[in-house]
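# Observations on the three-dimensional arrangement
Okay, here's what each chain looks like letter by letter:
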Amino acid sequence: MPERTHVAIIGSGPAGLLLGQLLHKAGIDTVILERHSREHVLGRIRAGVLEQGTVGLIDEAGCGARMHREGLIHHGIELSIRGARHRIDFQALTGKSVMVYGQTEVTRDLMDARQAAGAPTVFEAQNVTPSGYDGARPVVRYTANGMAKEIACDFIAGCDGFHGVSRQSVPESALTIFERLYPFGWLGLLAEVPPVAPELIYVNHERGFALCSMRTHSRSRYYLQCDASEQVENWPDDKFWDELRRRLDQDAAAHLVTGPSIEKSIAPLRSFVAEPMRFGRLFLAGDAAHIVPPTGAKGLNLAASDVHYLAEALIDHCRGGSDQGLDHYSARALARVWKAERFSWWMTSLLHRFPDTGPFGQRIQLAELDYLVGSEAAATALAENYVGLPF
Ligand code: APR
Ligand code: PHB
């Protein structure tokens with residue numbers, strides 16, 4: 001006999017876990033199928049800036065206690081241009097702020113809550129295969145400990161990230177893909193050292209973009225724009241710190257505290273959207289449907305807004321209410337996704353060095369940065385997007 005559940009969720013990243021928790025609170029049962037182990041999922045280092053809307057959803061899921069204790073509330077960011085720092089004051093411009101709290105910690109809190117609720121997750125599930133979602137009885141097949149298994153369900157939520165099986169199971173002819181690859185990557189370094197400044201610094205520099213971020217008052221995350229083909233092995237810690245110092249303003253360079261890296265990795269930069277986000281009884285959410293470059297830290301926040309729309313729609317349906325939410329899910333989610341795609345693309349274009357931008361392009365970039373820090377209207381547009389558009 002196959003197992004049964006209301007919603008089979010593929011992927012135990014923030015999207016799948018948040019959806020599972022919101023549905024659990026509404027009395028809807030779910031099974032999560034995750035390809036990797038719990039430890040592997042918790043070992044991934046990702047961005048760490050939460051919009052207020054995301055914070056609200058994590059609270060709604062009942063998982064916000066540690067985030068409120070340990071998260072850092074930031075009322076602005078700094079832009080470093082031609083060696084001078086300019087503050088964008090979110091609080092003054094929008095009345096809002098953001099929460100700095102690592103995605104790894106969000107994932108851990110959601111996993112702990114799911115475990116405490118006794119909701120099932122199958123880790124190390126192999127060959128996960130969604131099927132039958134065009135009809136009324138979807139089934140997800142998988143292998144666990146060498147045994148073939150299947151789960152019959154009413155709906156499948158594809159929360160399995162960019163490389164997941166959910167989007168890949170959809171016939172190519174049913175998908176429209178929009179994509180842009182950027183000609184550089186981000187080399188990231190995590191270290192147990194105090195942050196160089198109380199707020200994040202986004203650096204535009206002739207040697208390339210840099211970002212000073214943090215996880216806590218004693219743990220920092222730094223990034224350098226690097227060649228797309230660059231290898232981590234070519235970047236011993238000392239070389240990283242030297243290059244970062246060269247891109248920082250004098251004051252930051254003088255105050256930078258360095259130390260051994262805990263983690264170092266290179267991420268490519270990509271914009272990607274797959275439309276639509278619904279195929280019969282299969283719904284895509286988060287990175288499974290779209291990717292943004294990390295400039296502006298929208299990835300996790302977009303996953304959260306997808307999940308908000310999807311949870312609301314599934315809850316309405318399961319309570320015998322309307323199917324309007326399910327029918328409009330894709331259009332509602334995509335409307336917000338494209339605004340975040342635009343913002344992330346814009347922040348990326350504004351702050352990075354592009355190999356094919358000649359002197360004209362560079363002057364235009366500097367003019368736009370000058371305009372941004374000199375005009376309240378322009379700064380407000382940045383701030384409004386950074387703190388998160390409503391959903
Ligand atoms: N079967 C089961 N699980 C899978 C499969 C598969 N075939 N393929 C991938 N997964 C799992 C991955 O191991 C991962 O744990 O799905 C999960 C997807 O999680 P994320 O990649 O974190 O994606 P998402 O939950 O949408 O979160 C979006 O997290 O990845 C960042 O940049 C992203 O910040 C954004 C946010
Ligand atoms: C991070 O802390 O990892 C981070 C912060 C802001 C970004 C991207 C990444 O825009």
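Everything below is about the structure printed above this text.
Residues numbered from 1 in each chain as written. Chains lettered and ligands numbered in written order. Predicted model: local features only at pLDDT ≥ 70, side-chain atom pairs only at ≥ 80, totals over all residues. Heavy atoms only, no water.

## Quick word on the sheet that holds strand S7 (residues 98-100)
One open sheet accounts for three strands, arranged S3-S7-S4; its pairing is antiparallel. The sheet is open, and its two edges are formed by strand S3 (49-50) and strand S4 (72-74), each paired on a single side. For S3 and S7, the ladder comprises two bridges, and the chain directions are antiparallel. For Val49, the partnering residue across the bridge sits in S7 and is Val100. (Pairing = 2+ DSSP bridges. Helix = DSSP H or I, 4+ residues; strand = E, 2+ residues; numbered from the N terminus.)

## With respect to the sheet that holds strand S19 (residues 290-291)
Spatial ordering of the open sheet is given by S6-S5-S13-S14-S15-S12-S16-S19, a layout of eight strands whose pairing is mixed. The open sheet has two free edges, formed respectively by strand S6 (84-89) and S19, since each of these has just one partner strand. In the sheet, strand S12 (residues 176-191) pairs with strand S16 (residues 261-275) via 13 bridges, with the strands oriented antiparallel. Bridging across to S16, Ala191 finds its partner in Ser261. Packing of helix H8 (residues 237-247) onto the sheet brings it into contact with S12, strand S13 (201-204), strand S14 (210-216), strand S15 (219-226) and S16, and relative to S15 it is tilted by some 80°. (Contact = heavy atoms within 4.5 Å. Axes fitted to C-alpha atoms, helices over the stretch in contact; angles between N-to-C directions.)

## So, the packing of aromatic side chains
This model, assessed by the stated rule, comprises 14 aromatic pairs. Summarising the aromatic geometry, the rings of Tyr202 and Phe209 are spaced 6.3 Å apart at their centres and angled 40° between planes, so their arrangement reads as tilted. A single burial state applies to Tyr202 and to Phe209, both of which are buried. Arranged with centres 5.7 Å apart and planes meeting at 70°, the rings of Phe283 and Tyr329 form a pair that is edge-to-face. With a gap of 46 residues between them, Phe283 in strand S18 (residues 282-284) and Tyr329 in helix H11 (residues 324-351) connect regions that are remote in the sequence. Both residues of the pair, Phe283 and Tyr329, belong to the buried class. Three or more aromatic residues link up through ring pairs in this structure, and these residues are Phe90, Trp186, Tyr202, Phe209, Tyr223 and Tyr386. (Phe/Tyr/Trp six-rings, centres within 6.5 Å; stacked < 30°, edge-to-face > 60°. Buried < 20%, exposed > 50% of the residue type's maximum accessible area, 1.4 Å probe, protein only.)

## A word on the environment of Ser375
As for its position among the elements, Ser375 is in the loop between helix H12 (359-374) and helix H13 (376-387). Note on Ser375: relative accessible area 15%, which makes it buried. A polar side-chain atom of Ser375 sits 3.0 Å from the main-chain amide nitrogen of Ala378. (Polar contact = N/O pair within 3.5 Å; in protein donor to acceptor, adjacent residues only side chain to side chain.)

## Focus on the site of ligand 1
Surrounding ligand 1, one finds 25 residues, the nearest of these being Glu34, Arg44, Arg46, Gln103 and Asp287. Between ligand 1 and Pro14, the relevant distance is 3.3 Å, taken from an oxygen atom to a main-chain nitrogen or oxygen of the residue. In isolation ligand 1 offers 700 Å² of accessible surface; the protein chains occlude 91% of this area. At the level of elements, helix H1 (14-25) and helix H10 (299-318) are the ones that each hand at least two residues to the shell around ligand 1. For the shell around ligand 1, the element with the most residues is H10, which contributes three residues. For the shell around ligand 1, the per-class residue count stands at 10 nonpolar, nine polar and six charged. (Near = heavy atom within 4 Å. Areas by Shrake-Rupley, 256 points an atom, 1.4 Å probe, with all protein chains shown as cover. Nonpolar A, V, L, I, M, F, W, Y, C, P; charged D, E, K, R; others polar.)

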